[in-house]
Amino acid sequence: MTSNNVNSQKEASEVGAELLASCLAGDRRGQLKLYESTHGLVYRLMVRMVGFQEAADLTQQVYLKLFSKIDQFSGHSRFETWLYRLAMNEALQYLRKNSRKKTAVLAGDPVSPQRPEAERGEQREILEVAMSRIDPELRSIFLLREVEGMSYRDIAEVVEIPEGTVGSRLNRARRDLQNHLLELGWRA
Amino acid sequence: MSCSEIQNLLSAYHDDELDSDIREKVAKHLVNCVSCVRELSLFEEVSQLAADLTPPVPPSNLWAELELRLQAETSQQEHVVSQSVAPARLRFLRKYSAFIVAATLLFAVGVGYLNQGDNSHNAHHHSSSVFSQYLTAFENDPDSAQQILLKNYTNDLVKSEQAARLLGYQPAIARDLPADYEIVASYVIKMPCCTCLQTVCRRKDGSQIVIFEHDDETTEWFDGQPKINATCGGEECCLVNLDERIAASWKRGKRHITVIGIRDITEINELIAWSDQSRNKI
């Protein structure tokens, strides 16, 4: 029932027990190795959740938490799933605290709705803008599915909702996105 | 199944997350339902768009900044441990940290007060270039590094009473010196941004740190270096990672103190406590 049939940007990183043990011991080289193999996914998630301006700081926050809480990783799930959960919680917590702030547009200038003939690059930009306009909880699920290529089971584990709820949230996320895309001049 | 039921399952169908029997029912419905097919094709278009997204590239100094924060946290933990298990050590620390509020480090990445604008682009570029050379050389050969500064800027080798006269104020370093350091030399240096007092100090083990006291913020000095803002010893502080060492800058009254060659957060806290004590003596 689970399959990943999307173009995933997910790194092929499998974090081994040895590396985790060295991070647990506070070994800086181990921490660097873990960071190097995983920071791309955390950073891109942050950019799309909170915008470029805050992404670097929040990425660092995630790793500070990760290294201080690594003894709490039970090993029942994949390490990356646990890391996604830490990252997503950090992003959502930030957005709740700063609920007046809108996620900054992720690329370039505002998109003109008068340009429905937008080319492919502009279409991507329109999607970035539309994503920044939908509810953060829906955005998180959309990103985990469409950008990270996660299965519903893994998404459910990351955002801590029942697996059966993932599909209905994705329906809402996709419909909200479509509405914003159309407002922005997207032509399907 | 009705359109409404099908549309509830549409994402799961699109993502191939349905059991085969339900999937078949949805597929059967789609053969004859234009509106559901239309909705599904929009999902597919959005997925295609998302698949084309370019992943953002993390900034190259991200780890350097994170490492500073990790180092700061480790130092804090050691400080707490030392307080709980070693009363003698605690007394020693209190000697230096009477004014240190627990070094709660609240970081904000990037644009610190070292990183604000400058009036002259050329002077800015020159200063940041000279300072970059200075910092690079400092790690291995502080004496050579010093020559880079002296060669590039007008300077006077001074004693403390001369410094006050040239600067027009009584510098912190003139009143006393942090414990465990001795003065090697003091210079009044005229930089494009400001005229500052630079004091080269030696630790008991022979290694050097350099203390700058200056009117303006250090603006361009640390351009291109990984830096973070933090609260150290109760002061808003800008920390710059220099491979094996740290540079730190904080405001002291109307002026700023910048120290190059610090070993760790504990030493920063001690220096901030010193600058506070020195200020209280004014």
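Fair warning: this is a prediction, and the values are worked out from it, not measured in the lab.

**Here's the deal with unusual backbone geometry**
Then comes step 1: Positive phi is not limited to glycine here, since Glu160(A) has a value of about 55°.
Then comes step 2: When its relative accessible area of 54% is taken as the criterion, Glu160(A) is described as exposed.
Then comes step 3: Positive phi, close to 60°, is recorded for Asp16(B), a residue that is not glycine.
Then comes step 4: Mapped onto the secondary structure, Asp16(B) falls in the loop between helix H2 (10-14) and helix H3 (20-32).

**Details of the pairing of strand S3 (residues 181-190) of chain B**
Residues and elements named next belong to chain B.
Then comes step 1: When strand S2 (residues 154-158) meets S3, the two strands line up antiparallel, connected through five bridges. What sits directly across from asparagine 155, in S3, is isoleucine 189.
Then comes step 2: Relative to strand S4 (residues 195-203), S3 runs antiparallel, the two sharing nine bridges. By the bridge assignment for S4, isoleucine 189 is matched with cysteine 196.

**Re the pairing of strand S5 (residues 208-214) of chain B**
All names here are of chain B.
Then comes step 1: Among the seven residues that make up S5, seven are buried, leaving the element largely enclosed by the rest of the structure.
Then comes step 2: Neither face of S5 is exposed, since Gln208, Val210, Phe212 and His214 on one face and Ile209, Ile211 and Glu213 on the opposite face are all buried.
Then comes step 3: With seven bridges joining them, S4 and S5 adopt antiparallel strand pairing. Among the inter-strand pairings, cysteine 201 is bridged to a residue of S5, identified as isoleucine 209.
Then comes step 4: Linking two consecutive strands that pair antiparallel, namely S4 and S5, is a turn of four residues; a positive phi of about 95° is found at glycine 206 within it.
Then comes step 5: With five bridges connecting them, S5 and strand S9 (residues 255-262) associate as antiparallel partners. The partner of isoleucine 211 across the bridge, within S9, is valine 259.

**Here we look at the interface of chain B and chain A**
Then comes step 1: On the chain A side, the residues contacting the 42 residues of chain B number 47 residues.
Then comes step 2: Carbon and sulfur atoms supply 59% of the area that chain B and chain A bury against each other, a total of about 4000 Å² over both sides.
Then comes step 3: Considering only the surface of chain B that becomes buried against chain A, Glu17(B), Leu53(B) and Trp63(B) emerge as the three largest contributors, covering 18% of it.
Then comes step 4: Counting across the interface, chain B meets chain A through four salt bridges.
Then comes step 5: Asp15(B) serves as the salt-bridge partner of Arg145(A), at 3.2 Å between the closest nitrogen and oxygen.
Then comes step 6: Along the contact surface separating chain B from chain A lie 19 residue pairs in polar contact (both at pLDDT 80 or more).
Then comes step 7: Looking at the side of chain B that touches chain A, the elements that each hand over two or more residues are helix H1 (3-8), H2, helix H4 (34-51), helix H5 (62-85) and strand S1 (108-109) of chain B.
Then comes step 8: Examining the composition of the side of chain B that touches chain A, we find that 10 residues originate from one element, H5(B), more than from any other.
Then comes step 9: Its residues placed into classes, the side of chain B that touches chain A shows 23 nonpolar, eight polar and 11 charged.

**Focus on the packing of helix H6 (residues 136-147) of chain A against helix H8 (residues 163-183) of chain A**
Residues and elements named next belong to chain A.
Then comes step 1: Following both chains from N to C, one finds H6 and H8 inclined at 100°, their axes separated by 9 Å at the closest point. When the axes of H6 and H8 are compared, the pair comes out roughly perpendicular. For the pair H6 and H8, the contacting residues are Leu138, Ile141, Phe142, Arg145 and Glu146 in the first and Val166, Arg169, Leu170, Arg172, Ala173, Arg174, Asp176 and Leu177 in the second.
Then comes step 2: Each residue belonging to the contact of H6 with H8 can be placed in one class, and the counts come to seven nonpolar, no polar and six charged.

**So, the nonpolar core**
Then comes step 1: Counting residues in each nonpolar core, the largest one holds 80 residues, and the members touching the most others are Leu66(A) and Leu144(A).
Then comes step 2: Among all residues touching Leu66(A), those that are not within four sequence positions of it are Leu34(A), Phe79(A), Trp82(A), Leu83(A) and Leu86(A).
Then comes step 3: Core analysis: the second largest hydrophobic core is formed by 30 residues, Leu197(B), Ala230(B), Val259(B) and Ile265(B) among them.

**Some thoughts on the environment of Pro162(A)**
Residue and element names in this part refer to chain A.
Then comes step 1: Structurally, the position occupied by proline 162 is in the loop between helix H7 (152-159) and H8.
Then comes step 2: By relative accessible area, which is 54% here, proline 162 ends up exposed.
Then comes step 3: On a C-alpha basis, the gap between proline 162 and tyrosine 152 in space is 9.4 Å, while along the polypeptide they are 10 residues apart.

**Some remarks on the pattern of salt bridges**
Then comes step 1: Considering all chains together, one arrives at 17 salt bridges over all chains under this definition.
Then comes step 2: Between Lys65(A) and Glu90(A) there is a salt bridge, with its nearest N and O atoms 2.8 Å apart. Taken together, the residues span a long stretch of sequence, with Lys65(A) in helix H3 (residues 52-69) and Glu90(A) in helix H4 (residues 79-97) at a distance of 25 residues.
Then comes step 3: Glu90(A) gets classed as buried once you look at its relative accessible area, which sits at 9%.
Then comes step 4: A salt bridge links Asp180(B) to Lys204(B); its shortest N-O distance comes to 3.3 Å.

Definitions and limits used
- Residues numbered from 1 in each chain as written.
- Chains lettered and ligands numbered in written order.
- Predicted model: local features only at pLDDT ≥ 70, side-chain atom pairs only at ≥ 80, totals over all residues.
- Heavy atoms only, no water.
- Buried < 20%, exposed > 50% of the residue type's maximum accessible area, 1.4 Å probe, protein only.
- Helix = DSSP H or I, 4+ residues; strand = E, 2+ residues; numbered from the N terminus.
- Pairing = 2+ DSSP bridges.
- Contact = heavy atoms within 4.5 Å.
- Buried area = accessible area lost by both parts, 1.4 Å probe.
- Salt bridge = Lys/Arg side-chain N within 4 Å of Asp/Glu carboxyl O.
- Polar contact = N/O pair within 3.5 Å; in protein donor to acceptor, adjacent residues only side chain to side chain.
- Nonpolar A, V, L, I, M, F, W, Y, C, P; charged D, E, K, R; others polar.
- Axes fitted to C-alpha atoms, helices over the stretch in contact; angles between N-to-C directions.
- Parallel < 35°, antiparallel > 145°, perpendicular 65-115°, else oblique.
- Core = buried A, V, L, I, M, F, W, Y, C linked by side-chain atoms within 4.5 Å.

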